[in-house]
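# Understanding the architecture of this molecule
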Amino acid sequence: MLRGIDVSSYQSSNYDTDGLSFVFVKATEGRSYVNPKLAAQTKRARDAGLVVGFYHFLWPGNLTAQAEYFVSHAPERKGDILAVDWETNGEGTHASNAEKDSFIKKVKALRPDNRVVLYCNRNFWLNIDRTSYAGDGLWIADYVSAGKPRIQADWRFHQYTDDPVDTNVADFASKAALKDWAQP
């Protein structure tokens, strides 16, 4: 399995890339937030030769506007991976299952040259999701042994800890295999 991390404005733009094959960078949230470190964190990943992904923290409502906002701020490059971060927001609410599905489909329509995946935690996947729709792949958060999430579903990425940063593995035999998959 491949190693990777995800970063947001809480992390440095000069994060450690040693031993990594991929990184996901937070791009946007809702319809008004853009990660102020987006460009620098992206450059760091590209300079290290990593496969790069971008994620959008989904809020309920205005799905088309959120999808358009996300793709207008996430760098557009074939082979980058796009992700929707579906979880409870700071107000204690979350986008509905139908909204999550609609957002993924809209992003896929707006960016047909990019894979679009769903990020959610184990509880959302098992108890809130009703369609098992994850776009091109599931990125599951379950803080257990790397590569062993406690779900009965195929997954592409597994976030297994947040200490000291959000750390992930990808279920690919090699970085070349990940790069090939990332180019639909």
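Residues numbered from 1 in each chain as written. Predicted model: local features only at pLDDT ≥ 70, side-chain atom pairs only at ≥ 80, totals over all residues. Heavy atoms only, no water.

Of the pockets and cavities examined, the largest pocket occupies roughly 330 Å³. Together, 18 residues line the largest pocket, and S8, Y55, D85, E87 and D166 are the ones closest to its centre. Looking at the lining of the largest pocket, the elements with two or more residues in it are β1 (2–7), β2 (22–29) and β4 (51–57). (1 Å grid on protein atoms, 1.4 Å probe; cavity = no way out; pocket = protein on both sides within 12 Å on 5 of 7 lines; lining within 4 Å. Points joined across faces, edges and corners; volume = space filled by probe spheres on them. Helix = DSSP H or I, 4+ residues; strand = E, 2+ residues; numbered from the N terminus.)

This part is about the side chain of S8. By the element assignment, S8 lies in the loop between β1 and β2. Beyond its immediate sequence surroundings of up to four residues, S8 is in contact with K26, N35, Q41 and Y55. (Contact = heavy atoms within 4.5 Å.)

In total, this model carries 9 salt bridges according to the counting rule given. When the shortest N-O distance is used, the salt bridge between D47 and K43 registers 2.6 Å. Note that D47 and K43 are positioned in helix α1 (residues 38–47) at a spacing of 4 residues, about one turn of the helix. Note on accessibility: D47 and K43 belong to one class, exposed. Residues D101 and K100 are paired through a salt bridge, measuring 2.7 Å at the closest nitrogen-oxygen approach. (Salt bridge = Lys/Arg side-chain N within 4 Å of Asp/Glu carboxyl O. Buried < 20%, exposed > 50% of the residue type's maximum accessible area, 1.4 Å probe, protein only.)

Turning our eyes to something else, we now look at the nonpolar core. Core analysis: the largest hydrophobic core is formed by 36 residues, its most contacted members being F54, L118 and L138. At 4 residues, the largest contribution of residues to this core is made by helix α2 (residues 63–73). One finds F22, Y55, W139 and A170 within the second-largest nonpolar core, a separate group that totals 17 residues. (Core = buried A, V, L, I, M, F, W, Y, C linked by side-chain atoms within 4.5 Å.)

Spanning 14 residues, helix α3 (residues 97–110) covers 20 Å between terminal C-alpha atoms, matching the ideal 20 Å at 1.5 Å per step. Those residues of α3 that fall on the buried side of the exposure criterion are N97, E99, K100, D101, F103, I104 and V107. Contacts made by the buried residues of α3 are with β4, α2, β5 (81–85), β6 (115–121) and α4 (122–128). (Expected span 1.5 Å × (residues − 1).)

On to the environment of H73. Mapped onto the elements of the fold, H73 is located in helix α2. Judged by its relative accessible area of 32%, H73 falls in the partly exposed class. Distance from H73 to V34, taken between C-alpha atoms, is 7.4 Å for residues 39 residues apart in sequence. Setting aside chain neighbours within four positions, we find H73 in contact with T28, V34 and L38.

Further remarks concern the environment of A67. Mapped onto the fold, A67 is located in helix α2. Judged by relative accessible area, which is 0%, A67 ranks as buried. Note: C-alpha distance between A67 and S12 (55 residues apart in sequence) is 26 Å. Setting aside residues up to four positions removed in sequence, A67 forms contacts with F103, K106, V107 and L110.

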